[in-house]
Structure formats: C-alpha cells, structure tokens
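# An overview of the molecular structure
What follows is the residue order along each chain.
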Amino acid sequence: MSAAPFKQRFVLDTSVFLTEEIREDDESLEETLDRFLDLLARARLELHISCYMPPSIHDELTTMLAERGISEEINSKLNTWVIRKHPARHEVMIPAEVVYRFVDEMSDRVNRGLRVAEDAVRKAETAHDHDGEGTGHEHMTEVDAVISDLREKYRGALRRGVLDSREDFDLLILGSELDAGVVTEDTGIIAWTEDFGLRYLRGREFPDLLREYLRAVGDLESDPETETE
C-alpha cells in the first residue's frame, strides 16, 4: 500500500515564475517555465498538491509573459496546472491589529518619502545644467540626475518591503482562506505572512521542495516495509 499523498495547497505569486533563481545554466525563460510547469503537473498528479493563483495575479503574470514573447503552449500549461480562484474578500476576517499596523507603517513611509523629496529639492536648487557634465550620462543634466536619484530613493522609501497593491492583498487573503502556503520572492508579502499567520516559501526554494516531496513518496512506495499483505 503506497503512502498517503501530501495534499498540500500553495498560493503562487508572479515572482515565482520570473525569478532568475529557478533557472538552470543557459536556460531561456520559456524553457524554465516549461520545466517548472511540468514539475507542478507531477506534483498535482502524484501528490495531489494544488497550486492556486488569484485572477488579479494571473492577469498580471500572463501580461508579463506576453510582453516577453512566451508561447501559447506555456499559457495553456499555466491554465491547466495553476487554479485561478477569487479570494473570499467578504468572508476572510483580518484582525484590527493588522490593519492598524498597516496604517501606521504607511504613515511612517509617507513621512520618509517626504524627506527624500525635500532632499531632492535642495539638491535641485544648487544644480546647474552642464549638458551632462559630471553626471556620467551624455544627455543627462544635473537636474535629470537628481530626479533619477529621487525616483529610486522614493520607491525604496514607499514601496519596497510593503504591501503596495491589491494583488498582494489578494494573495494573502486567498492563502488565509485556503490555509495554503504562500510562495513568493516579494519581501513585502513575506513580512506580512507573519501577521496573517501563514506559511511561506521563497519562490527559489519551491521547485526543490516539490522534487523532495516527489522523491520521498517514490522512496516510500518502493520500500517493502510500507507494503501490506
């Protein structure tokens, strides 16, 4: 008698499919996705492991794949082995403390963003147009360089490491609804899995996890001690 399947559930983020960390040497994105989706198929058929994705994230991913020229065959595999499900937004309850902390964090980040903007204004006041001299870019003025620096620092102050989209919330809500592990490379989502009481796994670790599960079940099924008369 074979060992019982794991029957686990996972909710996948866009970053799982696009991270460079799951690519093998000299492998194209399409080859990586084809291999990864085949692994999801094996996990589904042999272990009954189900992978979910909110439609908002699915739309985001398919748009990105289309921009990269990924074939319809890959899209077909994606639609076959990753289940699209709307999160039950009106049923999943979020503790008031979680909402309170989110508001508090966003308030702090807005203040940090303002300080970044103020610093950029002061730099712009003393900047002069030298036709790119001293900026390292032929067509970039000093003011252009200040703006570029402002965008990078402002993005870091307000967006990095925080939930900044409906898609992020959809992922966490669906994970809570299904009691599923969240698989992502997004540090903001990872930070919030603790508040939602969710298991998480980095996208780069997910293929190895599935392969270990498949190997373990294969070993159990081939072990005579697991068989019954």
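Residues numbered from 1 in each chain as written. Predicted model: local features only at pLDDT ≥ 70, side-chain atom pairs only at ≥ 80, totals over all residues. Heavy atoms only, no water.

### Topic: helix α3 (residues 55-67)
Counted at 1.5 Å a residue, the expected span for α3 with its 13 residues is 18 Å, and the 18 Å between its end C-alpha atoms agrees. If you check which residues of α3 are buried, you get Pro55, Ile57, His58, Leu61 and Leu65. Around the axis of α3, the buried residues are gathered within 155° of arc, so they sit on the same side. The exposed set on the far side of α3, more than 90 degrees from its buried face, consists of Ala66 and Glu67. Note on α3: the residue one or two positions beyond its end, Gly69, has a positive phi of about 75°. (Helix = DSSP H or I, 4+ residues; strand = E, 2+ residues; numbered from the N terminus. Expected span 1.5 Å × (residues − 1). Buried < 20%, exposed > 50% of the residue type's maximum accessible area, 1.4 Å probe, protein only. Arc of directions from axis to C-beta.)

### Focus on the sheet that holds strand β3 (residues 82-84)
Reading across the sheet, the 5 strands line up as β3-β2-β1-β4-β5 and stay open at both edges, with parallel pairing between neighbours. Two strands in the sheet have a free side with no partner beyond their single neighbour: β3 and β5 (200-202). Each strand axis lies, on average, 30° off the axis of its neighbour in the sheet, ignoring direction. Note: strand β1 (residues 9-12) against strand β4 (residues 181-184), 3 bridges, orientation parallel. By the bridge assignment, Val11 is partnered in β4 with Val182. (Pairing = 2+ DSSP bridges. Axes fitted to C-alpha atoms, helices over the stretch in contact; angles between N-to-C directions.)

### Let's talk about the pairing of strand β2 (residues 50-53)
Residues Ser50 and Tyr52 of β2 are buried on one face, and the alternating residues Cys51 and Met53, pointing to the opposite face, are buried as well. For β1 and β2, the ladder comprises 3 bridges, and the chain directions are parallel. Within β2, the residue paired with Arg9 across the bridge is Ser50. Bridge count between β2 and β3: 3 bridges; the pairing is parallel. The partner of Cys51 across the bridge, within β3, is Val82.

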